[in-house]
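Examination of the molecular architecture
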Amino acid sequence: MARYLPPPAPECVLTRDGTYAARLTLAADGESWLPERWTLGGPEPYVVPLPGNQPEEPDAEVQPMSDGRVLIHRTADLRHTFTLLYPTGPATGELSVGSVECPDGESLRLLPPAPDGRRAYAVAVSPGGSTAVWLVAGGPCGPEHLGEIRGRCSGGVWLDHEGRMLALDREAGGRTKTVVVDLARGCEVSPLLQISAESDDRLVTADPDSGLLLIRSDAPSPGRHRLGWGVLGSTLPVRFPEGLCPAECVMTPFAVQPGQVLTPEACSVALRVDGVGGTWIGLWRPADRRVWHVAAPAGWLTGAGRFDEGGELRLPYATGEEPCGLATVLAPPADAAADTTADSAPVPVRPVPLQQSPLATV
């Protein structure tokens, strides 16, 4: 049976509205690491380095906040510290928001940015098989323990615009199923995904507007984790199109078009495609039978991007000539489903160079 491999982390983290991004990058000396804040909501993107008093460790986590500050999660032995960084002229201001002590063997990681951009959450997984949920920034008085969940939890997907309903993939009893955690009710847990009793079912991403869910499960092919889609609250079964499961590639959704209220089939989905030829972009809609393949822009911060409501995909990139840029890729036309053979007879995929694609502008 093939072992499940979690998707690779994106090279930068975006706020939910795409206004800011943050990442760790190598400094000019090529050895030390420093945080950067990217401002993407204005007429031209620009980057602000946020060097501290000492180099950062490569495993530090950064997350942009909606006010332009950057939260950094540092680890020292068993202590996890959380600090807000902000530019102050030529220097970097630091505001400590507190720390969390974790017992030996317990891991702690930040969850994806909360919808409101003012709060940040983390989960701590213990060797004993439980998961603690923490509010680590944006609370009234430092990190706050919100609740404990039975089972080891991974993933993390927001299901609403308020930052109350959080989906986590919980491993318990030898199987992994996605559950919903209600943060306003002491981390009360309820089931979300169970395609079959014997399958491992994980939520990859969700869109609160349309209810579209992207799911990875081995239910249709035991031993092979396939990508499928469903609709939150729907009684229809999860569908696993062949176009999303090519044998020679791994596809990972990283952006869903917002604003498509109650029309999940019309949502454009951006996919990171990892194959023998490298990594590129896939564009797909549930209503379509095919995936459009487009080469990633040079310097793409792999796995990062966001759709605007008009269907344009914005991809942050950095090159030696342009240290902060956004490439724009248009969604496929609505009649892109004309190729009806793609679901039944997948063929080797080759991305179209971005500058040659009729769907793309830079």
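Report on the accompanying structure.

We now examine the packing of aromatic side chains. This model, assessed by the stated rule, comprises two aromatic pairs. Measuring from ring centre to ring centre gives 5.4 Å for Tyr121 and Trp158, while their planes differ by 55°; the resulting arrangement is tilted. Of this pair, Tyr121 sits in strand β10 (residues 120–125) while Trp158 is found in strand β13 (residues 152–158), placing the two residues 37 residues apart along the sequence. Grouping residues by exposure puts Tyr121 and Trp158 together as buried. When the ring of Phe254 is compared with that of Trp300, the centres are 5.5 Å apart and the planes differ by 50°; the resulting orientation is tilted. Within this pair, whereas Phe254 is found in strand β20 (residues 249–256), its partner Trp300 is found in the loop between β23 (292–294) and β24 (306–307), the two being separated by 46 residues in sequence. The pair formed by Phe254 and Trp300 is uniform in burial state, with each residue classed as buried.

Unusually for a residue other than glycine, Cys187 sits at a positive phi of about 65°. In this structure, Cys187 sits in the loop between β15 (175–182) and β16 (188–191). Taking the relative accessible area as the measure of exposure, Cys187 reaches 4% and is therefore buried. At Leu262, a position not held by glycine, the phi torsion is positive, near 60°. Relative to the assigned elements, Leu262 resides in the loop between β20 and β21 (269–275). Taking the relative accessible area as the measure of exposure, Leu262 reaches 70% and is therefore exposed.

Here we take up the side chain of Glu56. Assignment of secondary structure puts Glu56 in the loop between β4 (46–49) and β5 (61–64). Looking at Glu56, its side chain comes within polar contact range of the side chain of Arg74, at 2.7 Å. In this structure, Glu56 is in contact with Leu24, Trp33, Leu34, Pro35, Ile72 and Arg74, ignoring residues within four places of it in sequence.

Okay, the pattern of salt bridges next. Considering all chains together, one arrives at 16 salt bridges under this definition. Between Arg74 and Glu56 there is a salt bridge, and its shortest N-O distance comes to 2.7 Å. Taken together, the residues span a long stretch of sequence, with Arg74 in strand β6 (residues 70–76) and Glu56 in the loop between β4 and β5 at a distance of 18 residues. In this structure, the salt-bridge partner of Glu312 is Arg314, at a minimum N-O distance of 3.1 Å.

Here Arg202 is to be found in strand β17 (residues 201–206). Although buried, Arg202 forms no salt bridge, and the nearest oppositely charged side chain, Asp200, lies 4.7 Å from it. Looking at Arg202, its side chain comes within polar contact range of the side chain of Thr176, at 3.4 Å. Not counting residues up to four positions away in its chain, the partners in contact with Arg202 are Tyr4, Asp169, Thr176, Thr178, Leu193, Leu214, Ile215, Arg216 and His225.

What follows concerns the layout of surface pockets. It is a probe the size of a water molecule, rolled over the atoms, that shows where empty space is left. Computed from the structure, the second largest pocket encloses a volume of approximately 410 Å³. Along the wall of the second largest pocket there are 20 residues; nearest its centre are Leu5, Arg216, His225, Cys249 and Val250. Elements with a contribution of two residues or more to the lining of the second largest pocket: β19 (226–231) and β20. The leading source of residues in the lining of the second largest pocket is β20, at four residues. Split into classes, the residues belonging to the lining of the second largest pocket amount to 14 nonpolar, two polar and four charged.

Here is the idea: a disulfide is a covalent bond, and it sits between the sulfur atoms of two cysteines. Under the definition given, this model contains zero disulfides. With no disulfide partner, Cys12 has as its closest neighbouring cysteine sulfur the one in Cys324, 9.3 Å distant. Residue classification places Cys12 among the buried residues on the basis of a relative accessible area of 4%. No disulfide involves Cys102; its sulfur sits 15 Å from that of Cys153, the nearest cysteine. For Cys102, a relative accessible area of 3% gives the class buried.

With that settled, the discussion passes to the sheet that holds β10. Judged by pairing direction, the sheet is antiparallel, and its four strands sit side by side in the order β9-β10-β11-β12 without closing on themselves. Strands at the two margins of the open sheet, each flanked by one partner only, are β9 (107–110) and β12 (144–150). With strand direction ignored, the average angle separating the axes of adjacent strands in the sheet is 25°.

As a further point, take empty space enclosed by the protein. Scanning all chains against the criterion turns up one cavity of 30 Å³ or more. By volume, the largest cavity amounts to about 30 Å³. Along its surface, the largest cavity is lined by Leu159, Ala206, Asp207, Pro208, Gly211, Leu213 and Leu232. For the lining of the largest cavity, the class distribution of residues is five nonpolar, one polar and one charged.

Examined against the element boundaries, Gly320 turns out to sit in the loop between β25 (312–317) and β26 (325–330). The exposed category is assigned to Gly320, whose relative accessible area is 75%. On a C-alpha basis, the gap between Gly320 and Pro6 in space is 31 Å, while along the polypeptide they are 314 residues apart.

Spatial ordering of the open sheet is given by β5-β6-β7-β8, a layout of four strands whose pairing is antiparallel. The outermost strands of the open sheet, each flanked by one partner alone, are β5 and β8 (91–101). Shown here is a sheet whose adjacent strand axes are inclined to one another by a mean of 25°, direction ignored. As defined by bridge partners, β5 adjoins β6 across four bridges and the pair is classed as antiparallel. When the sheet's bridge partners are listed, Pro64 is paired in β6 with Val70.

Rules and cut-offs
Residues numbered from 1 in each chain as written. Predicted model: local features only at pLDDT ≥ 70, side-chain atom pairs only at ≥ 80, totals over all residues. Heavy atoms only, no water. Phe/Tyr/Trp six-rings, centres within 6.5 Å; stacked < 30°, edge-to-face > 60°. Helix = DSSP H or I, 4+ residues; strand = E, 2+ residues; numbered from the N terminus. Buried < 20%, exposed > 50% of the residue type's maximum accessible area, 1.4 Å probe, protein only. Polar contact = N/O pair within 3.5 Å; in protein donor to acceptor, adjacent residues only side chain to side chain. Contact = heavy atoms within 4.5 Å. Salt bridge = Lys/Arg side-chain N within 4 Å of Asp/Glu carboxyl O. Lys, Arg positive; Asp, Glu negative; His and termini not counted. 1 Å grid on protein atoms, 1.4 Å probe; cavity = no way out; pocket = protein on both sides within 12 Å on 5 of 7 lines; lining within 4 Å. Points joined across faces, edges and corners; volume = space filled by probe spheres on them. Nonpolar A, V, L, I, M, F, W, Y, C, P; charged D, E, K, R; others polar. Disulfide = S-S within 2.5 Å. Pairing = 2+ DSSP bridges. Axes fitted to C-alpha atoms, helices over the stretch in contact; angles between N-to-C directions.

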